[in-house]
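Each chain is listed here by its residues.
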Amino acid sequence: MSFDRFWYELHIMGKWVIVIPLLIMLGFAFLAALLAIMQVSHLRISQVITASLEMILPLVAGLLTVTIISHDAATELQLTMPKSYRGTAFIRISLIVVWTSCIVLFSSVFIYHLRFWRVPSQIETWKVLPQFLIGQLTWIAPLLWFVGVGMCLVLLIRSRSASCALLGGIWIIEAIFYGYFAITSWLKPMFLFSTTLAPDIDFWLSNRFELLITTLVLILLSWFILRNTELLLQGTAGEE
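Residues numbered from 1 in each chain as written. Predicted model: local features only at pLDDT ≥ 70, side-chain atom pairs only at ≥ 80, totals over all residues. Heavy atoms only, no water.

Let us look at the overall build of the protein chain. Within the protein chain, the secondary structure is distributed over 12 helices and zero strands. Listing every helix and strand of the protein chain by position from the N terminus yields α-α-α-α-α-α-α-α-α-α-α-α. Counting all 240 residues of the protein chain, 48% fall into the buried class. Here the analysis covers contacts within the protein chain between residues at least 6 apart in sequence; of these, 70% occur between residues at least 24 apart. By element, 72% of the accessible surface of the protein chain is carried by carbon and sulfur atoms, the whole surface being about 12,500 Å². (Helix = DSSP H or I, 4+ residues; strand = E, 2+ residues; numbered from the N terminus. Buried < 20%, exposed > 50% of the residue type's maximum accessible area, 1.4 Å probe, protein only. Contact = heavy atoms within 4.5 Å. Areas by Shrake-Rupley, 256 points an atom, 1.4 Å probe, with all protein chains shown as cover.)

As structure tokens, this is what we get:
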């Protein structure tokens, strides 16, 4: 993707796509510093920081995806262009994922160095480099999952508000009833926040890979849905 195309797509999406994840990460960094000043326990601070990476930023990326896919004033024009609209849509989603990932990767270096990284017990005894690299699945898996689910929801429902509400509902259910996801066999592959809420589980690695496989299925489904021109032209009536 050329530099001009990058800036064009960024202009279409709006600078808030760049600003929001950055502000959220800075906000949690400030909160962590405040908790440290208040002499809150190291465990609690690490849980808050891990939550920002595993729970908050993935949800934000999902909501941004819903917003980007659900509204484009030039959809009709883009559908007449030689390049398919689904290619454009995936470029924009990729920008959201890549930018959010850059923020998290940069932050994780400092978080890990300061020992505020909440390490799952399954990889706790690993050497530093493998532990750090595999530990990135903490946020990669839920980030891609929320993006994939958000894309599928808005393409199928064609409603930005309903899709955002469903994503928020999934987040709340996982956060409140996480204990059921930790002990119920058929819910284990859908346990999104296992590092923050239950790092001692013995299926952390398999859970992360299962989330990635689910994401791949959702992305493939979205790719085929985006071929339906009639569905895309329906828009999101009443939500402009």
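What follows continues from the structure just given.
For any pair of aromatic rings, the description rests on two quantities: the centre-to-centre distance and the angle between the ring planes. Taken as a whole and judged by the stated rule, the model has nine aromatic pairs. Between tyrosine 112 and phenylalanine 132 the ring centres are 5.3 Å apart and the planes differ by 70°, which places this aromatic pair in the edge-to-face class. Here phenylalanine 132 lies in helix 6 (residues 128–135) and tyrosine 112 lies in helix 5 (residues 85–113), a separation of 20 residues in the sequence. For the residue pair tyrosine 112 and phenylalanine 132, the accessibility class agrees, reading buried in each case. The interplanar angle of 50° and the centroid separation of 6.5 Å between the aromatic rings of tryptophan 117 and phenylalanine 132 together place this pair among those described as tilted. Taken together, the residues tryptophan 117 in the loop between helix 5 and helix 6 and phenylalanine 132 in helix 6 connect sequence positions 15 residues apart. The class of phenylalanine 132 is buried, set by a relative accessible area of 17%. Three or more aromatic residues joined by ring pairs form one cluster here, namely Trp145, Phe146, Trp171 and Phe193. (Phe/Tyr/Trp six-rings, centres within 6.5 Å; stacked < 30°, edge-to-face > 60°.)

What the largest pocket holds in volume is close to 370 Å³. As for the largest pocket, its lining consists of 17 residues, and the residues nearest its centre are Met25, Ala29, Ser107, Phe110 and Ile111. Where the lining of the largest pocket is concerned, the elements lending two or more residues are helix 2 (16–37) and helix 5. Its residues assigned to classes, the lining of the largest pocket shows 16 nonpolar, one polar and no charged. (1 Å grid on protein atoms, 1.4 Å probe; cavity = no way out; pocket = protein on both sides within 12 Å on 5 of 7 lines; lining within 4 Å. Points joined across faces, edges and corners; volume = space filled by probe spheres on them. Nonpolar A, V, L, I, M, F, W, Y, C, P; charged D, E, K, R; others polar.)

This part covers a nonpolar patch on the surface. On the surface, Ile172, Ile173, Ile176, Phe177 and Tyr180 cluster together to form a nonpolar patch covering roughly 510 Å² of accessible area. Along the chain, the position of phenylalanine 177 falls in the loop between helix 8 (160–176) and helix 9 (178–183). (Patch = residues over 30% accessible without salt bridge, like charges linked within 9 Å, V, L, I, M, F, W, Y side chains within 5 Å. Salt bridge = Lys/Arg side-chain N within 4 Å of Asp/Glu carboxyl O.)

With 29 residues, helix 3 (residues 42–70) should reach 42 Å at 1.5 Å per residue; the first-to-last C-alpha distance of 41 Å fits that figure. Alanine 51 marks the point of greatest bend in helix 3, at about 40°. Among the 29 residues of helix 3, 23 are classified as buried, and the element is accordingly described as predominantly covered. (Expected span 1.5 Å × (residues − 1). Bend = angle between axes of the 7 residues up to and from the residue.)

Before going further, it helps to spend a moment on the environment of serine 70. Checked against the element boundaries, serine 70 lands in helix 3. When the C-alpha positions of serine 70 and arginine 160 are compared, they lie 5.9 Å apart, and in sequence the two are 90 residues distant.

The next subject is the packing of helix 7 (residues 137–157) against helix 8. Axis separation between helix 7 and helix 8 bottoms out at 9 Å; the angle between their running directions is 145°. Handedness of the crossing formed by helix 7 with helix 8: right-handed. Residues Trp145, Phe146, Val149, Gly150, Leu153, Val154 and Ile157 of helix 7 pack against Ala162, Ser163, Leu166, Leu167, Ile170 and Trp171 of helix 8. Grouping the amino acids of the contact of helix 7 with helix 8 by side-chain chemistry returns 11 nonpolar, two polar and no charged. (Axes fitted to C-alpha atoms, helices over the stretch in contact; angles between N-to-C directions. Left-handed = near helix turned anticlockwise from the far one by under 90°.)

The subject of this paragraph is unusual backbone geometry. A positive phi angle, near 60°, is found at glutamine 39, a position not held by glycine. Structurally, the position occupied by glutamine 39 is in the loop between helix 2 and helix 3. Judged by relative accessible area, which is 72%, glutamine 39 ranks as exposed. Despite not being glycine, arginine 158 has its phi angle at roughly 60°, a positive value. Here arginine 158 is to be found in the loop between helix 7 and helix 8.

Turning our attention to the side chain of threonine 50. Within the secondary structure, threonine 50 sits in helix 3. Note on threonine 50: relative accessible area 4%, which makes it buried. Separated by 2.7 Å, the side chain of threonine 50 and the backbone oxygen of serine 46 make a polar contact. Not counting residues within four places of it along the chain, the set of residues in contact with threonine 50 comprises Met55, Phe116, Trp117, Arg118, Thr138, Thr195 and Thr196. (Polar contact = N/O pair within 3.5 Å; in protein donor to acceptor, adjacent residues only side chain to side chain.)

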